[in-house]
Amino acid sequence: MSPALQGLLTIAIGVSGCVGYFYLSNQFLDKVLFPPRGPNAGRNINRANMIRPWLFLFPALAALGLYLAYPVVETLRLSLTERVPGGGYRWVGLDNYTQMAAEPKFWEAMRNNMFWLIVVPAMSTAFGLLVAQLTDRIRWGNFAKSLIFMPMAISFVGASVIWKLVYDSRPAEQDQIGILNALYIFFGGAEPQTWLTVPFWNSFFLMIVLIWIQTGFAMVILSAALRGIPEETIEAAILDGANPFQIFFRIKVPQIKTTILVVWTTITITVLKVFDIVFAMTNGQWETQVLANYMYDKLFRGDDWGVGSASAMVIMLLVTPILIWNVRNARKEME
Amino acid sequence: MSELKLTDVAKTYGSIDVLKHIDLDIDTGELIVFVGPSGCGKSTLLRMIAGLEKISGGTLEIEGQVMNDVPPAQRGIAMVFQSYALYPHMTVRENMAFALKIAKMPTAEVDAAVERAARILQLEPFLDRLPKALSGGQRQRVAIGRAIVRDPKVYLFDEPLSNLDAALRVATRIEIARLKEAMPDSTMIYVTHDQVEAMTLASRIVVLANKGVAQVGTPLELYETPDNEFVAQFIGSPAMNLLPGVISGTGEQTSIKLDSGGTAVSSIATDPDQMGLKVNIGVRPEDFFADEASGFFEGDVDFIEALGEVTLLYFASASDADGVVAKFPGIEKNLRGHKVKLNADPAKVHLFHNGVSIRKRS
């Protein structure tokens, strides 16, 4: 069978399966299980209505359970076992975690992740807010916003390739194709630098890529929030004698505080999971390792499922509280 | 002394005139009300005084100083918005203190000013609440309090009662009137489309229409001697009846032969050369009374609205597109379908030629 036909068939079976599931399960509920007839008709209707939401939720819950909840449990199990040569697993308790904690590369990844965590959400949100405010009232503001939003449409790997060219370095006697080196030489730098190999600073060069991407996201959300501020409160502040800075920081920003928090925490979660950029640009060399790339190294390169799973658990533990906080804030914003 | 003076003020958006030739002299302690139909520019004029809209032409003076290009905060004005415009993230106290803190007033003085305003407006129990925990009326009081603490020369109110329900509107209106009495030296400018607010609050009313001032005067001046048909019909409810006719007798009193048949008499004097002039007579519904013998307007009562204290009679009339309305005291339920002949005291019969009062011309 041709693949196209196979695809169509899959779609047809999938869709009709879904429709069939909802139709038949509801029919079963109403006609067989709790029919609205006989002496208990009223009670049956109530019971059927209590069960119905679960019928609708069941497929989603099952899929989420299979692809989210089960992997968490399995990862936890893997992180507490080791593979025995020749097949089978052995329970090792927290050995994988202690082994990981003894590795300097893990702590390098933790430290770098903390830097990312502080710098990227702060800078993205700050730039996003700045751009949103500055482009609000000017004629070409929307054009500027489109440009700044564009990186959002580029994949992290694509962005990494672009920025690798920015940081590119050629031997001194050749022309520099990396714009950073070109500028560096133009402004009197002695010889071209291999930027991505300069420890400590190279992490920041990687962060710039993510900031470049996430600023567009922050800008769009914050721009909408700024527009939602009642115009009269700003006019009242003008009459009260506030200058533009006071209006921005004391009237506007407090009114969109929850949105800023949501943007901040959303970017934070992205940052904790950052993998592609590091993978594509330095692969964690020259002290740029981060947790997700460390996990990938252990799991798929080192084939060490125990420590790899342990690092995955660490990432999950770091993300979860921020995620909960984020959802709470988003709910608060909706009120 | 003239507190606020507008000279030939105009507002244009591009090539569109919104307001032009606005001349106005407002004295200290007056409560001026701007009224007019929607879109007449009354709010725009207020916002120009506030400094939120640029003045396209003419001058605005406050206490003799030209204010056209002075920033809003330094004009000595405070404004109360229709939507209250409270800062939602600040408590009532912080809302009222904001302007003073921006002005770097010492904390003790700020607290004293806020406490004083809160006492006047009975907001003391709510000082530490956020605006969202207040009712509409309380929010509007906070907005007024925010104006009071700044101790401005001129208060500007932009339809402050429009967002309140009917009962609260009356209560707040009386509160504003009391507030004005308590502060006899402060000047207030008040924009509304509600003529009851205008009539009850104003020391003088400015009626805005057709991009300019239609008439300025005390509420009763506007009611008793409107300068033109627009003001005549805008002030008073239901609107003044206009009946077309021709002047058929001049002198101390004027006789008008109405197109619908009868002859009305007005106590407005006319000259002999005005004989035969096409005019509209204007009679307020409440000035009509039934007069079988010598009434000048006869019609069938087409519809009745009995309001208890008064009864509104709507006349079906062949010639007048607008129809004639009369307001009789008390309950008159049985008149529907009957012919009624109406008359009015000559002193209450207004005369307009080309829309302008004849009284004003002579």
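Residues numbered from 1 in each chain as written. Chains lettered and ligands numbered in written order. Predicted model: local features only at pLDDT ≥ 70, side-chain atom pairs only at ≥ 80, totals over all residues. Heavy atoms only, no water.

Engineer: Let's hear about the overall build of chain A: which residues, and what values?
Structural biologist: When helices and strands are counted, chain A shows 14 helices and two strands. On C-alpha atoms alone, chain A measures out to a radius of gyration of 27 Å, which is more than a quarter above the 20 Å that the 2.2 N^0.38 rule sets for 335 residues. Overall, chain A is about 90 × 75 × 50 Å in size when its C-alpha atoms are taken along their principal axes. Within chain A, buried positions represent 39% of all 335 residues. Entry remark: accessible area of chain A is about 19200 Å², with carbon and sulfur atoms responsible for 70%. Of the charged side chains in chain A, 25 are positive and 22 negative; the average position of the first set lies 12 Å away from that of the second. (Helix = DSSP H or I, 4+ residues; strand = E, 2+ residues; numbered from the N terminus. Rg over C-alpha atoms; globule rule 2.2 N^0.38 Å. Buried < 20%, exposed > 50% of the residue type's maximum accessible area, 1.4 Å probe, protein only. Areas by Shrake-Rupley, 256 points an atom, 1.4 Å probe, with all protein chains shown as cover. Lys, Arg positive; Asp, Glu negative; His and termini not counted. Charge placed at Lys NZ, Arg CZ, Asp CG, Glu CD.)

Engineer: Could you give an account of the nonpolar core, naming the residues involved and the relevant values?
Structural biologist: For soluble globular proteins, the rule of thumb is that nonpolar side chains tend to be buried together. Ranked by size, the top nonpolar core spans 96 residues in total, and within it W116(A), L4(B), L6(B), F34(B), L156(B) and I189(B) carry the most contacts. Ranked by the residues each element gives to this core, the list is headed by helix α8 (residues 201–227) of chain A, at 13 residues. Residues within four places of L6(B) in sequence aside, it is in contact with I22(B), D23(B), L24(B), L45(B), I49(B), T59(B) and L60(B). Core analysis: the second largest hydrophobic core is formed by 47 residues, L31(B), A143(B), Y155(B) and M183(B) among them. (Core = buried A, V, L, I, M, F, W, Y, C linked by side-chain atoms within 4.5 Å. Contact = heavy atoms within 4.5 Å.)

Engineer: Before we move on, can you summarise the domain arrangement of chain A with the specific residues and values?
Structural biologist: Residue and element names in this part refer to chain A. For chain A, the assigned domains read domain 1 (3–79) and domain 2 (97–334). Between domain 1 and domain 2, the C-alpha centre-to-centre distance is 40 Å. In this assembly, five residues from domain 1 lie in contact with eight residues from domain 2. Buried surface at the junction of domain 1 and domain 2, both sides included, amounts to about 530 Å², of which 78% is carbon and sulfur. (Domains from an automatic or database assignment. Buried area = accessible area lost by both parts, 1.4 Å probe.)

Engineer: Now, about the packing of aromatic side chains: what can you tell me, with residues and values included?
Structural biologist: All told, the structure shown has 22 aromatic pairs over all chains when counted by the stated rule. An angle of 45° between the planes, with centres 5.8 Å apart, marks the rings of W163(A) and Y167(A) as tilted. The class of W163(A) is buried, set by a relative accessible area of 15%. Between F297(B) and F315(B) the ring centres are 5.7 Å apart and the planes differ by 90°, which places this aromatic pair in the edge-to-face class. Separated by 18 residues along the polypeptide, F297(B) in strand β16 (residues 297–306) and F315(B) in strand β17 (residues 310–316) bring together distant segments of the chain. On the basis of relative accessibility, which here comes to 3%, the residue F297(B) falls in the buried class. For F315(B), a relative accessible area of 5% translates into the label buried. In this structure an aromatic cluster arises from ring pairing among Y21(A), F22(A), F56(A) and F58(A). Positioned over the ring face of Y87(B) is R146(B), at 4.7 Å from the centre of the ring. (Phe/Tyr/Trp six-rings, centres within 6.5 Å; stacked < 30°, edge-to-face > 60°. Lys NZ or Arg CZ within 6 Å of the ring centre and 35° of its normal.)

Engineer: Tell me about the layout of surface pockets, and please be specific about residues and values.
Structural biologist: Quantified by volume, the largest pocket comes out at close to 790 Å³. Looking at the largest pocket, it is lined by 27 residues, and the ones nearest its centre are P254(A), Q255(A), P88(B), H89(B) and K132(B). Secondary structure elements with two or more residues in the lining of the largest pocket: α9 (231–239), α10 (244–255), α11 (257–272) and α14 (305–334) of chain A. Of the residues forming the lining of the largest pocket, the biggest block, four residues, is contributed by α11(A). (1 Å grid on protein atoms, 1.4 Å probe; cavity = no way out; pocket = protein on both sides within 12 Å on 5 of 7 lines; lining within 4 Å. Points joined across faces, edges and corners; volume = space filled by probe spheres on them.)

Engineer: Tell me about the environment of W212(A), and name the residues and values.
Structural biologist: All names here are of chain A. As for its placement among the helices and strands, W212 is situated in helix α8. Between the C-alpha atom of W212 and that of F149, which follows or precedes it by 63 residues, the distance is 9.3 Å. Among residues more than four places away in sequence, those in contact with W212 are P151, I154, A159, I162 and W163.

Engineer: Residue-level account of the confidence of the model for chain B, with values.
Structural biologist: Considering every residue of chain B, the mean pLDDT works out to 88; 97% of them sit at 70 or more. Our summary of model confidence lists the complex with pTM equal to 0.76 and ipTM equal to 0.80. (pLDDT = per-residue confidence, 0-100.)

Engineer: Any chance you could break down the interface of chain B and chain A for me, citing the residues and the numbers?
Structural biologist: Contacts between chain B and chain A engage 21 residues on the former and 15 residues on the latter. Scanning the region where chain B abuts chain A turns up two salt bridges. Note that D240(A) is salt-bridged to R150(B), the shortest N-O span being 3.6 Å. Counting only elements with at least two residues in the side of chain B that touches chain A, the list comes to α1 (42–50), β6 (77–80) and α2 (92–102) of chain B. Broken down by element, the residue count for the side of chain B that touches chain A peaks at four residues, all from α2(B). (Salt bridge = Lys/Arg side-chain N within 4 Å of Asp/Glu carboxyl O.)

Engineer: Account for the side chain of D136(A), with residues named and values stated.
Structural biologist: Residue and element names in this part refer to chain A. Mapping D136 onto the fold places it in the loop between α4 (104–134) and α5 (141–149). For D136, a relative accessible area of 17% puts it in the buried group. Here R227 takes part through its side chain, which lies 3.0 Å from a polar atom of the side chain of D136. (Polar contact = N/O pair within 3.5 Å; in protein donor to acceptor, adjacent residues only side chain to side chain.)

Engineer: An account of the pattern of salt bridges is needed here, citing residue identities and associated values.
Structural biologist: In this structure the tally under the stated criterion is 20 salt bridges over all chains. Across the pair R227(A) and D136(A) runs a salt bridge whose closest N-O atoms are separated by 3.0 Å. Highlighted residues: R227(A) in helix α8 and D136(A) in the loop between α4 and α5, separated in sequence by 91 residues. K339(B) is paired through a salt bridge with D300(B); the nearest N and O atoms lie 3.2 Å apart. With a gap of 39 residues between them, K339(B) in strand β19 (residues 339–344) and D300(B) in strand β16 connect regions that are remote in the sequence. Of the residues examined, K339(B) reaches a relative accessible area of 52% and is grouped as exposed. The exposure class assigned to D300(B) is partly exposed, which follows from its relative accessible area of 32%.

Engineer: Any chance you could break down the environment of M313(A) for me, citing the residues and the numbers?
Structural biologist: Residue and element names in this part refer to chain A. Checked against the element boundaries, M313 lands in helix α14. Between the C-alpha atom of M313 and that of A330, which follows or precedes it by 17 residues, the distance is 25 Å. Ignoring any residue separated from it by four or fewer positions in sequence, one finds M313 in contact with V72, T75, L76, S79 and Y97.

Engineer: Residues and numbers for the packing of α4(A) against α11(A), please.
Structural biologist: Each pair of packed helices gets described by two things: the angle between the helix axes and the distance between those axes. All names here are of chain A. Relative to each other, α4 and α11 sit at 140°, their axes nearing to 9 Å. Classified by the interaxial angle, the pair formed by α4 and α11 is oblique. Crossing of α4 over α11 shows right-handed handedness. Contacts from N113, W116, L117, V120, P121, A122, S124, T125 and L129 of α4 reach α11 at I260, V263, W264, I267, T268, V271 and L272. Tallied by class, residues from the contact of α4 with α11 come to twelve nonpolar, four polar and no charged. (Axes fitted to C-alpha atoms, helices over the stretch in contact; angles between N-to-C directions. Parallel < 35°, antiparallel > 145°, perpendicular 65-115°, else oblique. Left-handed = near helix turned anticlockwise from the far one by under 90°. Nonpolar A, V, L, I, M, F, W, Y, C, P; charged D, E, K, R; others polar.)

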